[in-house]
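# Coordinate inspection notes
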Amino acid sequence: MAEETADAGRAAPRGVLISVGSSACFGLFYLLSLLFSMPDYQATLDSSQPVLHIFTNAFGKTGGSIAFSFIILCVTLCGTFSVTSNSRMVFAFARDAGLPRWFDKVGVRTGAPIRTVWLSVVLAFCLALPSLGSVVAFTAVTSIATMYVPVPPSLPRPPPPSLVLPLPPSSS
């Protein structure tokens, strides 16, 4: 996506730094808010949903449910943005001949890379299946999802045909 911005060499790193910095600040604020809102440490630990327990104690049953629903909405949107970002990276990788060219097609009606979106959704679904029955598998899936984000752009790509130089003739 950086290649679509003006002055991408400066704007992309600045955007990454601002997003990481603001996420860290808001995350710290959220974490401190949760910790200072916790009425009983042991009761919170014993609860099956500690965050919901804190919200229910702070806002009441209805307010806690609304606050927890907001977290569920944020997680859902984060997953949607992750699929969007992933599908764009896969599309760029296919466009540069790193994947089969079948994936570099754009839908006529939508103007979006539908094939890479579905590839991203199917792969995410397949990776999430083991987490349905195990907490360890869930932790592994979320860790993989977090660590996978920087992988596609770091994979080596073949050089464009205009940069491939012919080999000099052998002198044998």
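Here we summarise the structure given alongside this text. The shown structure was predicted, so the numbers you read here are calculated from the model rather than taken from an experiment. (Residues numbered from 1 in each chain as written. Predicted model: local features only at pLDDT ≥ 70, side-chain atom pairs only at ≥ 80, totals over all residues. Heavy atoms only, no water.)

## Re the pattern of salt bridges
- Scanning the entire structure with this criterion turns up three salt bridges.
- Put simply, Arg95 and Asp96 hold a salt bridge, and the shortest N to O gap is 3.7 Å.
- We classify Arg95 as partly exposed; its relative accessible area is 33%.
- The class of Asp96 is partly exposed, set by a relative accessible area of 23%.
- Two residues, Asp104 and Arg101, come together in a salt bridge whose shortest N-O distance is 2.8 Å.
- Overall, Arg101 belongs to the partly exposed group, its relative accessible area being 45%.
- Look at the salt bridges and you will find they share partners, linking Arg101, Asp104 and Lys105 into a network. (Salt bridge = Lys/Arg side-chain N within 4 Å of Asp/Glu carboxyl O. Buried < 20%, exposed > 50% of the residue type's maximum accessible area, 1.4 Å probe, protein only.)

## Section: the side chain of Asn86
- Along the chain, Asn86 turns up in helix H3 (residues 50–95).
- Leave out the neighbours within four places in its chain, and Asn86 touches Ser120 and Tyr148. (Helix = DSSP H or I, 4+ residues; strand = E, 2+ residues; numbered from the N terminus. Contact = heavy atoms within 4.5 Å.)

## Digging into the nonpolar core
- Among the nonpolar cores identified, the biggest contains five residues, and these are Leu34, Ile54, Phe55, Ala67 and Phe68.
- The element best represented in this core is H3, accounting for four residues.
- Ignoring anything within four residues of it in the chain, the contact list for Leu34 reads Val51, Ile54 and Phe55. (Core = buried A, V, L, I, M, F, W, Y, C linked by side-chain atoms within 4.5 Å.)

## What about the packing of helix H1 (residues 8–37) against H3?
- Running from N to C, H1 and H3 cross one another at 145 degrees; their axes reach a closest spacing of 13 Å. Of H3, the residues touching H1 (which contributes Tyr30, Leu34 and Ser37) are Val51, Ile54, Phe55 and Ile71.
- Classifying every residue of the contact of H1 with H3 gives six nonpolar, one polar and no charged. (Axes fitted to C-alpha atoms, helices over the stretch in contact; angles between N-to-C directions. Nonpolar A, V, L, I, M, F, W, Y, C, P; charged D, E, K, R; others polar.)

## Structural notes on the side chain of Thr44
- Considering the arrangement of structural elements, one finds Thr44 in helix H2 (residues 41–46).
- Of note is the side chain of Thr44, whose polar atom sits 2.8 Å from the backbone oxygen of Asp40.
- With residues up to four places along the chain from it excluded, the contact list for Thr44 reads Met38, Pro50, His53 and Ile54. (Polar contact = N/O pair within 3.5 Å; in protein donor to acceptor, adjacent residues only side chain to side chain.)

## A few points about the layout of surface pockets
- Counted as a void, the largest pocket has a volume near 1,100 Å³.
- Taken together, 30 residues make up the lining of the largest pocket; nearest its centre are Ser82, Ala124, Val141, Ala145 and Thr146.
- Taken together, the elements giving at least two residues each to the lining of the largest pocket come down to H3, helix H4 (114–128) and helix H5 (135–148).
- Sorting elements by how many residues they give to the lining of the largest pocket places H3 first, with twelve residues. (1 Å grid on protein atoms, 1.4 Å probe; cavity = no way out; pocket = protein on both sides within 12 Å on 5 of 7 lines; lining within 4 Å. Points joined across faces, edges and corners; volume = space filled by probe spheres on them.)

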